[in-house]
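Observations on the model geometry
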Amino acid sequence: MPTELFADVAVRAHIFNHPEAIYTYVVPPALRPPLQPGMLVWVPLRRKRVQGIVLALREQARPAAGGDEPGLLPSFTIRPIADLGDPEVRLPDAQLNLARWLAGYYRAPLWDALALFLPPGIAQESVATWHILPAGREAELGALPPGERELLYFLRRKGEASEVELDEALRGSMAELRRLALALAERGLIARRTALTRPAVRVRRRRVARLLLSAEHQPDALAAIRHAPRQRAALETLLARRATTPADDLLLPAGDLPLATLRALEARGWLALEAVEALRNPLDGSTVERDMPPELTERQARELHPISGALERREHEIFLLHGVTGSGKTELYLRSIARVLRQGRQALVLVPEIALTAQLVRRFAARFGPAVAILHSELSLGERYDTWRRLRRGEARIVVGSRSTVFAPLPELGLVIVDEEHDGSYKHADGVRYEARDVAVHLGALTRSAVILGSATPSLESYQAALDGRYRLLELPERVTPRRGSGSQSIPLPPVRMVDMRDELRAGNRSLFSRALQHALSRTLAAGQQAILFLNRRGLASIVLCRDCGYVASCVRCSSPLVLHSVQHTASAVAEAAPSPFDTIMRCHTCGYRELPPIQCPECWSMRIRHFGVGTQRVVEEMAALFPEARVLRWDRDVTGRKGSHDRLLDAFTNHEADVVVGTQMIAKGLDLPLVTLVGIVSADIGLHLPDFRAAERTFQLLAQVAGRAGRRDIGGQVVLQTYIPDHYALQAAAAHDYRAFFQEEIAFRREAHYPPFGQLARLVTSSTSMARARASAEELACRIDVEIGAQGVADASVIGPASAFLERVRNRYRWHLLVRAPDVHPILAALGPLPGWIVDVDPVSML
């Protein structure tokens, strides 16, 4: 008799406050040969079937809860695995180990971590449904009680419905609904069963025909159907296609021909119809001219050498590539990828913004052709599903994408690149609150892949790690512009002119643009060059305020002030004229609530209600007033909601269909725009005084990055930086392009305050419909943590808070938060156990 085989399965269910949700199942004999760790399966759980991932196979069941004897069997009956899931899903050991690390490090349920690695759109659930029986169709409705009569009548019309659908249609409590359904079931009128929801995406197939006619029989076949014009036309079309099809491809596209006609030809034995997989590739149809690698500068070659050595040795090593904007970091990425491809391995490239994907993919496609794939949230679900499968099969060797691409299936990974590694967009804000940069580093260790972290303004954590020797520091301190056939030429960073806007007010200039910026814009436009106007705030104005009583228009569901937007510019990127004052709407940037702006104050009925602050739409208006001949393009989240919008905006600007682009942080990083010779930073102070210890770092990084968009070719460039606090060290360092000066100033503050990289933080957030309950919950947890810190004797550990969050109310729920600060927060968090109702954010990026 064969030995029983057991499987440890992580299931798609969150119950009993059990974050791991790992259960043991018997492997049926029919599933023994194909079943392996990492495969997707269906397993019974209570009265339902749920999806699960096999973590391990063993010949003995796991110990029962509380048991410490290795072979101790649980006291309950172990049920068998029901079935296999998607056969293409098999997470390799590296991804299983990475998922366990994610769940432990970020304090998340194990299934949520595993689900990050699954192909998009395959999630399914087992739902309870009720269907009508023949007796139910014939029963006399009038003889039934009112509730049962209504339920049976609904099922007569619907046939079958889930309990959720019935609850929505009949508007009763779920308990009452089940009581009525059971009563009808006892009468033999309806029955209950479970059904699986359909996956959101499936393999797409296309109809093809395989011609079976030899050349000598074609005339006879055409003659035989001379009185069947549709069949003759279809056969002639297929014969014409075969004449232009390569000899090794016998499958001809037939999806545009009538199916009935094709079936008739198939019945005659002249062709065979087949359905073949049709991959949805977002890069299909795009043509990119192949390029030749430029000659490296001496410095580039020197910094590439240690990367090449690690790749040749197939060793895991982490490189921090600190290169000023335009220094040629991307060329080193390309050379490193080429080496990995020659070894038969794969490369993963992360970018922080979808806006950067298009330009980077074009450069990669010009060098590597169809080996490149892309992944990001702007693609359709089908495109992401098919790209996942291409990568899993090894059909694509390079993948470029945003943060979730770090979970792509790359069985032969050899190189991980994180471009703009400092960017806050790599932090995921929901579910498993992972930091993609740190996940990439851990993935590299598990797969023995080299990791390159690239940035002109590295995060303080990464730069300190390089100084401590945990990362290897590579530096490109000079800008270069490639010259085909003659190497590369060094070009200077653009000079930055800092303008004190207080002086502008004293001089009587109340425009958004200083006199210096107006003069620079005039010269740039006259020369036929391009400019970027940067402001990290959307809309027309930041607040709508009453000048008499101080009322501020705020969201009815959140504590956020409503931001004024132009309606006509919300869907259009290019602005040609200023909007009418009546074409405006107020919008909450937290929850999306919208409201018309008031004509008079709702508090004191004053007519002196005005808008204050500046947004990108307001900058567009100012440009239209000062330079009506300029073609202005707006680039922010309000105009990039549709698929392909980033690509269209980038193409329009690089093709010089616009003279000026006005945008937020989307345009600040990574873009290479050859004709941009002027960058105007409309307000450098936004974000500098937020309640966040990283506010100065973020401001410096953003300003240094956007300044780097100017003068990337030998025609030169300039930057005008407008501020009300010109003496701030972050602005001074950004104006001087001096990262080390900023680092030395900021790292001293971090060391003294025990903030990262000299300590670790965890942010814990609770919310409630009652302010008092949220506060009480936060204060109780803060006391528990204080006790735990004392019990563990952790030095340099403390609780900061609790306090109401900066955004105190979101979607009608009051939010309180606190911070745990310690050399390592994990022992403290582990001692607290599960925290239902709390958001736990390890290594938080946002404190809002």
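Shown above is the structure to which this text applies.
Residues numbered from 1 in each chain as written. Predicted model: local features only at pLDDT ≥ 70, side-chain atom pairs only at ≥ 80, totals over all residues. Heavy atoms only, no water.

Notes on the overall build of the protein chain
Looking only at helices and strands, the protein chain has 25 helices and 36 strands in total. For the protein chain, the C-alpha atoms occupy an extent of roughly 90 × 80 × 65 Å along the three principal directions. The burial tally for the protein chain puts 52% of its 848 residues in the buried class. A fraction of 75% describes how many contacts in the protein chain between residues 6 or more apart in sequence connect residues 24 or more apart. A total accessible area of about 38600 Å² is found for the protein chain, and carbon and sulfur atoms account for 51% of it. Charge centroids of the protein chain, computed over 106 positive and 95 negative side chains, lie 4 Å from each other. (Helix = DSSP H or I, 4+ residues; strand = E, 2+ residues; numbered from the N terminus. Buried < 20%, exposed > 50% of the residue type's maximum accessible area, 1.4 Å probe, protein only. Contact = heavy atoms within 4.5 Å. Areas by Shrake-Rupley, 256 points an atom, 1.4 Å probe, with all protein chains shown as cover. Lys, Arg positive; Asp, Glu negative; His and termini not counted. Charge placed at Lys NZ, Arg CZ, Asp CG, Glu CD.)

Some details on the sheet that holds strand β33 (residues 760-768)
Two strands in a sheet stick together by hydrogen bonds in their backbones, pointing the same way (parallel) or opposite ways (antiparallel). Strand order in this open sheet of four strands is β34-β35-β33-β36, and the pairing throughout is antiparallel. If you trace the sheet from one side to the other, it starts and ends with β34 (798-810) and β36 (838-842), each paired once. For this sheet the average axis-to-axis angle between neighbouring strands, irrespective of direction, equals 20 degrees. Of the pairings in the sheet, the one linking β34 to strand β35 (residues 813-822) comprises seven bridges and is antiparallel in character. In the strand pairing of β35, Ser798 is matched with Arg821. Along the sheet face, helix α24 (residues 771-792) touches β33, β34, β35 and β36 and points at about 10 degrees away from the line of β35. (Pairing = 2+ DSSP bridges. Axes fitted to C-alpha atoms, helices over the stretch in contact; angles between N-to-C directions.)

What to know about the environment of Val400
Following the sequence through the fold, Val400 ends up in strand β15 (residues 398-401). A relative accessible area of 0% places Val400 in the buried class. Each C-alpha atom, one on Val400 and one on Leu375, is 6.3 Å from the other, the two residues being 25 residues apart in sequence. Those residues in contact with Val400, other than ones at most four positions away along the chain, are Val349, Thr357, Leu360, Val361, Phe364, Val372, Ala373, Ile374 and Leu375.

Some thoughts on the packing of aromatic side chains
Scanning all chains against the criterion turns up 13 aromatic pairs. On the basis of an interplanar angle of 70 degrees and a centroid distance of 5.0 Å, the ring pair of Tyr463 and Tyr739 is categorised as edge-to-face. Here Tyr463, found in helix α15 (residues 460-467), pairs with Tyr739, found in helix α23 (residues 739-753); they are 276 residues apart in sequence, far enough to count as distant. What makes Tyr739 buried here is its relative accessible area of 6%. Feature note: the residues Tyr463, Phe700, Tyr729, Tyr739, Phe742 and Phe743 constitute an aromatic cluster, connected by ring pairs. Taking NZ or CZ as reference, Arg821 lies 5.3 Å from the ring centre of Tyr755, over its face. (Phe/Tyr/Trp six-rings, centres within 6.5 Å; stacked < 30°, edge-to-face > 60°. Lys NZ or Arg CZ within 6 Å of the ring centre and 35° of its normal.)

Quick notes on the nonpolar core
One finds Leu102, Leu114, Leu348, Ile681, Leu764, Ile785 and Leu818 to be the most contacted residues of the largest nonpolar core, which totals 114 residues. Here this core takes seven residues from helix α21 (residues 695-707), the largest share from any one element. Among the nonpolar cores identified, the runner-up in size contains 31 residues, and Leu311, Tyr333, Val340 and Leu474 belong to it. (Core = buried A, V, L, I, M, F, W, Y, C linked by side-chain atoms within 4.5 Å.)

Structural notes on the pattern of salt bridges
Taken as a whole, this structure holds 43 salt bridges when the rule is applied. With its nearest N and O atoms 3.2 Å apart, the salt bridge here joins Glu236 to Arg232. Of this pair, Glu236 and Arg232 are both found in helix α8 (residues 229-243), four residues apart, which corresponds to roughly one turn of the helix. We classify Glu236 as partly exposed; its relative accessible area is 37%. Overall, Arg232 belongs to the partly exposed group, its relative accessible area being 28%. Salt bridges sharing common partners tie together Glu88, Glu277, Arg280, Asp386, Arg389, Arg393 and Glu395. (Salt bridge = Lys/Arg side-chain N within 4 Å of Asp/Glu carboxyl O.)

Looking at the sheet that holds strand β3 (residues 40-45)
The five strands lie next to each other as β2-β1-β4-β3-β5, forming an open sheet whose pairing is antiparallel. The outermost strands of the open sheet, each flanked by one partner alone, are β2 (22-26) and β5 (83-84).

Here's the deal with the side chain of Glu504
Of note, Glu504 is situated in helix α16 (residues 501-506). For Glu504, a relative accessible area of 5% puts it in the buried group. At 3.1 Å, the side chain of Glu504 forms a polar contact with the backbone nitrogen of Arg515. The contacts of Glu504, once residues within four sequence positions are left out, are Val499, Asn509, Ser514 and Arg515. (Polar contact = N/O pair within 3.5 Å; in protein donor to acceptor, adjacent residues only side chain to side chain.)

Quick word on the packing of helix α1 (residues 93-105) against helix α14 (residues 436-447)
Between α1 and α14, whose axes approach to 10 Å, the crossing angle comes to 140 degrees. For the element pair α1 / α14, the angle class is oblique. Read as a crossing pair, α1 and α14 show a hand that is right-handed. Contacts between α1 and α14 involve Ala94, Asn97, Leu98, Trp101 and Leu102 from the former and Asp438, Val439, His442, Leu443, Leu446 and Thr447 from the latter. Classifying every residue of the contact of α1 with α14 gives seven nonpolar, three polar and one charged. (Parallel < 35°, antiparallel > 145°, perpendicular 65-115°, else oblique. Left-handed = near helix turned anticlockwise from the far one by under 90°. Nonpolar A, V, L, I, M, F, W, Y, C, P; charged D, E, K, R; others polar.)

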